[in-house]
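Listed below are the residues making up each chain.
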Amino acid sequence: MGTSRTVLVANQKGGVGKSSIVSAVAGMVAAAGRRVLVVDADQQANVTSSDLGVEGDNGRGLSMALQFAQPLTPMREVRPNLDVIPGGPALAVVASVAATAQQTGIDLRGNLTQTLNDLRETENYDLVLIDSGPGDAPLLEALLGTARYLLVPTKDDDASLSGVELLAMRYLRSRKAGSQIQLLGVVLFDTNPRATARNREVFDQVHDLLEGSGADPFETFIRSDRAAAVDLRTRHLTPLELVEVAESDQKNRLQRLRQKGKAADRLWSRDPSGLASDYQALTREILSRVANAERDRVAGGVA
């Protein structure tokens, strides 16, 4: 039946903000005092190493859980209230395992669902966020069969929107195969907030793509902020943490200039509060849609 209150962030196109959204939303919810688990199901492990700045097991634990239902052991408290199942290159074996699954009897989807449910019940996580890679189809199939909700980020270019279409078809196949996953919606990422006409045009395109799915595009979009994006990745910060660092940086700027600090110490973003506000609004909208979906299931008598 899938893992309740688990949100898969996916698009079959890379570079559309999946890892950034997972780490940002996880940081927002954890900072509010709720327990969060991030599952990094990407061979590149961007959310583990680049966004959150932790050294993991290169995906070996998650790979063993997928293949053999081996219990998952998270990296605990990488931030207060935030645990991580690391990703990495060890997940590459999943494709070859899936190719022989019928002969070996390995059930990737069933194994992942069991191990995630066991971990969530033991640790009492309020929210589980899963990051995914763009091209690992067998792993993506297992994730679509495990998560309860799907969030799809996209940029406004044709390649990214094509990735949304490809994922939509895979999502529908997963639903027909018995998955309980529900589409929360599509969110625009790396967008110019002043390009209102273009944003409305893309919003309408996304609305057409979602026709018949029961989901609407997210009203919130994530603005383009190149300087903040560099700082977030190089310093391994969440947006809330970057705001705090930027405020401190401004206060100490004159002292640093007198001391002729090294260029490597420079913070590129002057005011990342706008970007952080976008992520706060998106987090609220995600949690609101999850809450509405849960109320609808209870009203309909569905567990």
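About the criteria used
- Chains are numbered independently. Their residues run from 1 in the order of the written sequence.
- At least 70 in pLDDT is required for a residue's local features to be given in this predicted model, at least 80 for side-chain atom pairs to be given and counted, and no such filter applies to totals for whole chains, interfaces and linings, which use all residues.
- Based on all heavy atoms of the structure, the side-chain values leave hydrogens and waters out of the count.
- Secondary structure elements are defined from DSSP: runs of H or I of at least 4 residues count as helices, runs of E of at least 2 residues count as strands, and each element is numbered from the N terminus.
- When a residue's accessible area, from a 1.4 Å probe over protein chains only, is under 20% of the maximum for its type it is buried; when over 50% it is exposed; and in between it is partly exposed.
- Residues adjacent in sequence count toward polar contacts only when both atoms are side-chain atoms; beyond that, a polar contact is any pair of N or O atoms within 3.5 Å, and within protein one must be able to donate a hydrogen and the other to accept it.
- Whether two residues are in contact is decided by their heavy atoms, any of which lying within 4.5 Å being enough.
- Expected span, for any helix, means 1.5 Å times one less than how many residues it has.
- Salt bridge criterion: a side-chain nitrogen from Lys or Arg within 4 Å of a carboxyl oxygen from Asp or Glu.
- Axis definition: a line fitted to C-alpha atoms, limited for helices to the stretch in contact. Angles are taken between N-to-C directions and run from 0 to 180 degrees.
- Put simply, angles under 35 degrees are roughly parallel, angles over 145 are roughly antiparallel, angles from 65 to 115 are roughly perpendicular, and the rest are oblique.
- Only Asp, Glu, Lys and Arg are considered charged in this grouping, and only Ala, Val, Leu, Ile, Met, Phe, Trp, Tyr, Cys and Pro are considered nonpolar; every other residue, Gly among them, is considered polar.
- Less than a right angle of anticlockwise turn of the near helix away from the far helix marks a crossing as left-handed, whereas a clockwise turn marks it as right-handed.

Enquirer: Just checking my understanding: could you explain the environment of alanine 26 for this structure?
Expert: Within the fold, alanine 26 resides in helix H1 (residues 18–31). Along the primary structure alanine 26 and valine 128 are separated by 102 residues, whereas in three dimensions their C-alpha atoms are 8.5 Å apart.

Enquirer: Could you clarify how one ought to interpret the side chain of serine 269 in this entry?
Expert: For serine 269, the location among the structural elements is in the loop between helix H12 (253–259) and helix H13 (273–299). By relative accessible area, serine 269 is classed as buried at 4%. Within polar-contact distance, the side chain of serine 269 engages the side chain of aspartate 231 at 2.6 Å. Beyond its immediate sequence surroundings of up to four residues, serine 269 is in contact with Ala227, Ala228, Asp231, Leu242 and Ala246.

Enquirer: Before we go on, may I ask you to explain helix H6 (residues 108–123) in this structure?
Expert: The periodicity of an α-helix, 3.6 residues per turn, causes residues three or four places apart in sequence to face the same way. Along its 16 residues, H6 runs 22 Å from first to last C-alpha, staying within 8% of the 22 Å computed at 1.5 Å per residue. Among the residues of H6, Leu108, Asn111, Leu112, Thr113, Thr115, Leu116, Leu119, Arg120 and Glu123 are the ones counted as buried. Of the residues flanking the end of H6, it is asparagine 124, one or two places downstream, whose phi is positive at about 55°.

Enquirer: Teacher, can you tell me more about the pattern of salt bridges here?
Expert: Taken as a whole, this structure holds 13 salt bridges when the rule is applied. Here arginine 5 ties to glutamate 294 by a salt bridge, and the two come within 2.9 Å at their closest N and O atoms. Here glutamate 294 lies in helix H13 and arginine 5 lies in strand S1 (residues 3–9), a separation of 289 residues in the sequence. In this structure arginine 5 comes out as partly exposed when scored by relative accessible area, which is 29%.

Enquirer: What exactly am I supposed to notice about the packing of H1 against H13 here?
Expert: Think of two packed helices as two axes; the pair is described by the angle between the axes and how far apart they sit. At a minimum axis separation of 9 Å, H1 and H13 run at an interaxial angle of 80°. Judged by the inter-axis angle, H1 sits roughly perpendicular to H13. Contacts between H1 and H13 pair Ser20, Ile21, Ala24, Val25, Met28 and Val29 from the former with Ala276, Tyr279, Gln280, Leu282, Thr283, Ile286 and Leu287 from the latter. In terms of residue class, the contact of H1 with H13 is built from ten nonpolar, three polar and no charged.

Enquirer: Explain unusual backbone geometry here, please?
Expert: For residues besides glycine, phi is generally negative; the peptide bonds are generally trans as well. Residues other than glycine seldom take positive phi values, yet alanine 45 does so here, at roughly 55°. Mapping alanine 45 onto the fold places it in the loop between strand S2 (36–41) and helix H2 (46–51). Note on alanine 45: relative accessible area 8%, which makes it buried.

Enquirer: How should the packing of helix H3 (residues 60–68) against H6 be read in this particular structure?
Expert: Packing of H3 against H6 leaves a shortest axis separation of 6 Å and a crossing angle of 120°. Taken together, the axis directions place H3 and H6 in an arrangement best described as oblique. Where H3 crosses over H6, the two elements pack in a sense that is right-handed. Every residue of H6 that contacts H3 at Leu62, Ala65, Leu66, Gln67 and Phe68 is listed here: Leu108, Asn111, Leu112 and Thr115. Of the residues in the contact of H3 with H6, the class split is six nonpolar, three polar and no charged.

Enquirer: Just checking my understanding: could you explain the environment of leucine 140 for this structure?
Expert: Among the secondary structure elements, leucine 140 is positioned in helix H7 (residues 137–146). Spatially, the C-alpha atoms of leucine 140 and arginine 235 are 29 Å apart, while their sequence positions differ by 95 residues. The contact partners of leucine 140, leaving out residues within four places of it in the chain, are Leu8, Ala10, Gln12, Leu167 and Arg170.

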